[in-house]
Amino acid sequence: MKLFKTLACTALTLCAVFSVQARPLDEVKKSGTLIAATEGQFAPFNYFNGTTLTGFEVELAELVAKKMGLKIQWKTLGFDALLTGLRQDRWDLVIASHGITDERAKAVTFTAPHYCSGGMIITMDPAIRTGKDLAGKVVAVQTGTSYLENVQKVSAVKEVKNFPTDVDARSALNSRRVDAWVTDRFVAKAVVDKNPNAGFKLGDMLFIERIAAAVAKGNQPLADAWSQGLAAIQADGSYAELSKKYFNEDVRCH
Ligand code: ARG
């Protein structure tokens, strides 16, 4: 296979085809390490506490990997780069609160979902609560997220402003450069809980989504091994304990 790969690489187009092989499950197991990528800017799911990467998804991934008999080597990148990197075989798995969408499923293979949530409206103006209230308003979302298409779907918004991170979208709301911000329901709740006097108001949920990890398209054995590990932590109580610690409720999909 190695020789074939080298030969094929003399023709440039074929080389591109052959160099995008995802690491198969056997190879990952042999190395003992799962290379996982996340963003690190989406608290409480994946974020930095000082210089330490942590969050519900980071701790969950560590538990799942342990069930798989693996350690994790973490990479953190901009949200936009995460799924693309799977196709370039730069990491084995992405866990960064991606909602399962048909569009994304064309490009990557999703595992079983590790939580269920949805996009929620958050504002500084108690008069804006529902999708209808967003008509004529300027709404902030993070670039590349499922919030963009869903905000456009529900209402005749004046403008949807894209921000490189969800933290930037939040800052835009906080400084009233936008009328509303749409983000994950648990992100929104955490922001309100942590800043009770900042004037944030929670609005309605615009849509619901199932959130899953993703592997390279067609790497089904790795996706299945991950999903089995996830099922194991959901069965032995460790998922419930972790979910309670972060959210004070069980966020698994039912
Ligand atoms: N759930 C949303 C989506 O699927 C947002 C994900 C944002 N994740 C992040 N790490 N910033 O697009």
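An unreviewed UniProt entry lists the protein under the name Amino acid ABC transporter substrate-binding protein, with Simplicispira suum given as the organism. Recorded in UniProt under Subcellular location (unreviewed entry), the annotation for the protein is "Cell envelope". Quoted straight from UniProt, the Sequence similarities (unreviewed entry) entry for the protein says "Belongs to the bacterial solute-binding protein 3 family."

Draft legend 1. Structural view of the pattern of salt bridges. Under the counting rule described, the total for this entry stands at six salt bridges. The partner of D236 in a salt bridge is K67, with the nearest N and O atoms 2.8 Å apart. Remark: K67 occurs in helix α4 (residues 56–67) and D236 occurs in the loop between α10 (220–235) and α11 (238–247); sequence separation between them is 169 residues. Residue D236 is classed as partly exposed on the basis of its relative accessible area of 43%. Overall, K67 belongs to the partly exposed group, its relative accessible area being 45%.

Draft legend 2. Examining the site of the ligand more closely. If you check the shell around the ligand, you find 15 residues, and the closest are E39, G99, R104, S146 and E209. Backbone polar atom of S97 to a nitrogen atom of the ligand: 2.8 Å apart, as the coordinates give it. Contacts to the ligand include Q142, whose side-chain N or O atom sits 2.8 Å from a nitrogen atom. Calculation on the ligand without its partners gives an accessible area of 350 Å², and the protein chains cover 100% of this total. Among the detected pockets, the ligand sits in the largest cavity. At the level of elements, β6 (93–99), α7 (146–154) and β11 (201–216) are the ones that each hand at least two residues to the shell around the ligand. The biggest single contributor to the shell around the ligand is β6, with four residues. Residues that form the shell around the ligand fall into these classes: five nonpolar, seven polar and three charged. Mapped onto the domain boundaries, the shell around the ligand takes at least three residues apiece from domain 1 (25–117 + 210–247) and domain 2 (118–208).

Draft legend 3. Inspection of helix α8 (residues 166–174) at higher detail. For α8, every residue scored as buried is listed here: D166, A169, A172 and L173. Down the axis, α8 shows its buried residues gathered within 115° of arc, on one side only. Turning to α8, the residues buried within the fold contact β2 (41–42), β7 (108–123), β8 (138–142), β9 (159–163), β10 (180–184) and α9 (185–194). Where α8 terminates, the next one or two residues include R176, which has phi positive at roughly 60°.

Draft legend 4. Geometry of the side chain of N46. Following the sequence through the fold, N46 ends up in strand β3 (residues 46–49). There is a polar contact of 3.5 Å between the side chain of N46 and the side chain of T38. When neighbours within four sequence positions are excluded, N46 is seen to be in contact with T38, E39, G40, Q41, T54, G55, E57, V58, I95 and A96.

Draft legend 5. Here's a closer look at empty space enclosed by the protein. Under the counting rule described, the total for this entry stands at two cavities of 30 Å³ or more. The computed volume of the largest cavity comes to approximately 90 Å³. Of all the elements in the fold, those that place two or more residues in the lining of the largest cavity are β6, α7 and β11. Element by element, the count of residues in the lining of the largest cavity is highest for β6, at four residues. Looking at the lining of the largest cavity, its residues break down into six nonpolar, seven polar and four charged. Both of domain 1 (25–117 + 210–247) and domain 2 (118–208) provide at least three residues apiece to the lining of the largest cavity. A volume near 30 Å³ is recorded for the second largest cavity. As for the second largest cavity, its lining consists of A22, R23, L86, D89, W91, D92, A216 and N219. Taken together, the residues of the lining of the second largest cavity break down into four nonpolar, one polar and three charged.

Draft legend 6. Structural view of the sheet that holds strand β4 (residues 52–54). Read across the sheet, three strands follow the order β2-β3-β4 without closing on themselves; strand pairing throughout is antiparallel. Edge positions in the sheet fall to β2 and β4, since each has one partner strand and no second. Where β3 meets β4, three bridges bridge the pair, whose relative direction is antiparallel. When the bridges of β4 are listed, N49 appears paired with T52.

Reading the values: the criteria
Note on numbering: residues in each chain are counted from 1, in written sequence order. Under the rules for a predicted model, residues below a pLDDT of 70 receive no local features and side-chain atom pairs below 80 are neither given nor counted, while totals for whole chains, interfaces and linings still include all residues. Where side-chain values are given, they derive from all heavy atoms of the structure, hydrogens and water being excluded. UniProt positions are given in the numbering used here, feature names are shortened, and annotations may be inferred rather than shown by experiment. Salt bridge, as applied in this entry: a Lys or Arg side-chain nitrogen positioned within 4 Å of an Asp or Glu carboxyl oxygen. Starting at the N terminus, helices and strands are each numbered in turn, a helix being any DSSP run of H or I of at least four residues and a strand any DSSP run of E of at least two. A simple rule labels every residue: compare its accessible area, found with a 1.4 Å probe on the protein chains alone, to the largest value its type can have, and call it buried under 20%, exposed over 50%, or partly exposed in between. Any residue with a heavy atom lying within 4 Å of a molecule or strand is counted as near it. Any pair of nitrogen or oxygen atoms within 3.5 Å is treated as a polar contact; in protein, a donor-acceptor pairing is required on top of that, and neighbouring residues in sequence qualify only through side-chain atoms on both sides. Residue burial considers only the protein chains on display, and all accessible areas are found by Shrake-Rupley using a 1.4 Å probe. Computed over the protein atoms alone on a 1 Å grid, cavities are sets of points where a 1.4 Å probe fits but cannot get out and pockets are open sets with protein on both sides within 12 Å along at least five of seven lines; a residue lines them when it has an atom within 4 Å of a point. The way we define it, a molecule is inside a pocket or cavity when more than half of its atoms are within 2 Å of that pocket's grid points. Nonpolar residues are Ala, Val, Leu, Ile, Met, Phe, Trp, Tyr, Cys and Pro. Charged residues are Asp, Glu, Lys and Arg, and all others, Gly as well, are polar. Note that domain bounds follow an automatic or database assignment of domains. As used here, the arc is the angular range of directions from the helix axis to the C-beta atoms. In what follows, a contact means two residues having at least one pair of non-hydrogen atoms within 4.5 Å. Grid points are joined across faces, edges and corners, and a volume is the space filled by probe spheres set on the points. The pairing criterion is simple: DSSP has to find at least two bridges between the two strands.

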